[in-house]
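Architecture and fold: a report
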Amino acid sequence: MVVNWCMKNSILSILIVLLPLLSIGQSSDLFAIWPDTIIAKANSAQDVEYMTEEEKLAVFYINLVRTNPPLFANTYLKDYMKENGIKKDKEVKSLIDELEATKPRVMLQPSESLTQLAREHANDMGETGRTGHKSSDGTSFKDRMVELSKTFSGINENCNYGNEGGIDAAIDLLIDRNVPNVGHRRNILDPQMRFAGIAIEPHKRWRFNCVQDFGGKKLD
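Residues numbered from 1 in each chain as written. Predicted model: local features only at pLDDT ≥ 70, side-chain atom pairs only at ≥ 80, totals over all residues. Heavy atoms only, no water.

Looking at the environment of Glu-164
To keep things clear, this is the line we draw: By the criteria applied, helices consist of DSSP H or I runs no shorter than four residues and strands consist of E runs no shorter than two, each listed in order from the N terminus. Here, two residues are considered to be in contact whenever any of their heavy atoms come within 4.5 Å of each other.
Residue position: Glu-164 is located in the loop between strand S3 (155–161) and helix H9 (166–175). Placed 36 residues apart in sequence, Glu-164 and Ile-200 show a C-alpha to C-alpha distance of 6.8 Å. Beyond its immediate sequence surroundings of up to four residues, Glu-164 is in contact with Glu-54, Ile-200 and Phe-208.

Thoughts on the side chain of Ser-111
Heads up, the condition is: Under the scheme applied here, a residue whose accessible area is under 20% of the maximum for its type counts as buried, over 50% as exposed, and between as partly exposed, the area being computed with a 1.4 Å probe on protein chains only. Contacts described as polar in this section are N or O atom pairs within 3.5 Å, which, within protein, must combine one atom able to donate a hydrogen with one able to accept it, while residues neighboring in sequence count only if both atoms come from side chains.
Tracing the backbone shows Ser-111 in the loop between strand S2 (109–110) and helix H7 (112–128). With relative accessibility at 6%, the residue Ser-111 sits in the buried group. Engagement of the side chain of Ser-111 in a polar contact is seen with the side chain of Ser-113, the distance being 3.1 Å. What Ser-111 contacts, discounting residues up to four positions off in sequence, is Tyr-50, Phe-152, Phe-195, Ala-196 and Gly-197.

A look at the layout of surface pockets
Condition: The way it works is a 1 Å grid over only the protein atoms, where trapped points that fit a 1.4 Å probe form a cavity and open points with protein on both sides within 12 Å along at least five of seven lines form a pocket, and then any residue with an atom within 4 Å of a point lines it. Grid points are joined across faces, edges and corners, and a volume is the space filled by probe spheres set on the points. Lys, Arg, Asp and Glu make up the charged group, whereas Ala, Val, Leu, Ile, Met, Phe, Trp, Tyr, Cys and Pro make up the nonpolar group; the residues left over, Gly among them, are polar.
If you add up the space inside the largest pocket, you get close to 210 Å³. Forming the boundary of the largest pocket are 10 residues, of which Asn-160, Asp-172, Arg-177, Val-179 and His-184 lie nearest the centre. For the lining of the largest pocket, the secondary-structure elements that each account for two or more residues are S3 and H9. With 3 residues, the top contributor of residues to the lining of the largest pocket is S3. Class assignment for the residues of the lining of the largest pocket results in 5 nonpolar, 2 polar and 3 charged.

Regarding the nonpolar core
Counted only if it meets this: Residues belong to one nonpolar core when they are buried, are Ala, Val, Leu, Ile, Met, Phe, Trp, Tyr or Cys, and are joined through side-chain atoms within 4.5 Å.
Tyr-61, Leu-64, Phe-72, Leu-77, Leu-99 and Ile-171 are the most contacted members of the largest nonpolar core, which has 42 residues in total. For this core, the secondary structure elements donating two or more residues are helix H3 (36–42), helix H4 (53–67), helix H5 (69–84), helix H6 (90–101), H9, helix H10 (183–189), strand S4 (193–203) and strand S5 (207–216). It is H4 that contributes the most residues to this core, 8 residues altogether.

Set out below in structure tokens:
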């Protein structure tokens, strides 16, 4: 569901990020196509302590799709679809067409405050079995954003259910099936966003839920 509101990097650390990618289409020469410098920058959350490895991977993949949408469509997305038996239906074709026509975006930096916001909501939804952007106590999305709206120029939020893996949630939200305005995709690709907080927590009904909160530039 979606709403909008007005690396010293060692070779070892890079490999730790890349190892999970080998299962996504080993036939693609991803190491050559995506420079190590881009891979390292995309892994902007690698050193933070307030995200799990899957949450960091979600930031990583979102940064890759933002930095080069057409290349992402023809490498990671293509291989992911093949590995997971995803057919090129109209929603997938819509995503591919949009990525191939989208200019590069700024990579997102991790934010502890946005991650805390995302985790609070993911825990709340998970423990109560609810979905959506409204808290279980009835607090609206707008009211949940009041304090952080003083820090960021704008805040977007995505909620995804049933996916434990960071890449699974990211791809699912990019395809955005049954969402007429593909609002989750719009949030991920929003050129105004600069920061990200991601939380993946257990869910009473859907096994897992992933909340992604994005923030625009910081206000003075």
